[in-house]
Amino acid sequence: LAVGGTFAAAGAALMAALLARWVSRPLRRLESAAAELGSGQLATRARSVHGPPEVRELAATFDEMADRIERLVDGQRAFLAFADRGLCAAGYEHAV
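Model, not experiment: these values are computed from the prediction.

Draft legend 1. The nonpolar core, seen in detail. Listed in full, the 10 residues of the largest apolar core are Leu30, Ala33, Leu37, Leu42, Ala46, Val49, Val55, Ala59, Phe62 and Ala66. Counting only elements with at least two residues in this core, the list comes to α1 (2–38) and α2 (53–89). When residues in this core are grouped by element, the largest group, four residues, is from α2. If sequence neighbours within four positions are ignored, Phe62 has contacts with Leu30, Ala33, Ala34, Leu37, Thr44, Arg45 and Ala46.

Draft legend 2. Expanded view of the environment of Ala60. Summarising the element assignment, Ala60 is placed in helix α2. Look at Ala60 and you get partly exposed, because its relative accessible area is 32%. Between the C-alpha atom of Ala60 and that of Gly40, which follows or precedes it by 20 residues, the distance is 19 Å.

The rules behind the values
- Residues numbered from 1 in each chain as written.
- Predicted model: local features only at pLDDT ≥ 70, side-chain atom pairs only at ≥ 80, totals over all residues.
- Heavy atoms only, no water.
- Core = buried A, V, L, I, M, F, W, Y, C linked by side-chain atoms within 4.5 Å.
- Buried < 20%, exposed > 50% of the residue type's maximum accessible area, 1.4 Å probe, protein only.
- Helix = DSSP H or I, 4+ residues; strand = E, 2+ residues; numbered from the N terminus.
- Contact = heavy atoms within 4.5 Å.

Shown next, in the form of structure tokens:
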């Protein structure tokens, strides 16, 4: 009986370790993508991570947010470039 209990405990520990890895690996990838995005790498995406449905949904939401941020920043850059050209044409050199 003691041997059976030892095997059961070892099996449970192995299953717990595999489950923890299944959950933590995609979360580390998501954390890395968030750090890259935060450092200004606007093309960074979590892509399709594996793991529990909640983690996959979080990664998809992160990617949607990153898409919106990248579009907003690109739009602001385009506006500034347009405004700078307009001001240069009006005689104000490198005003923006």
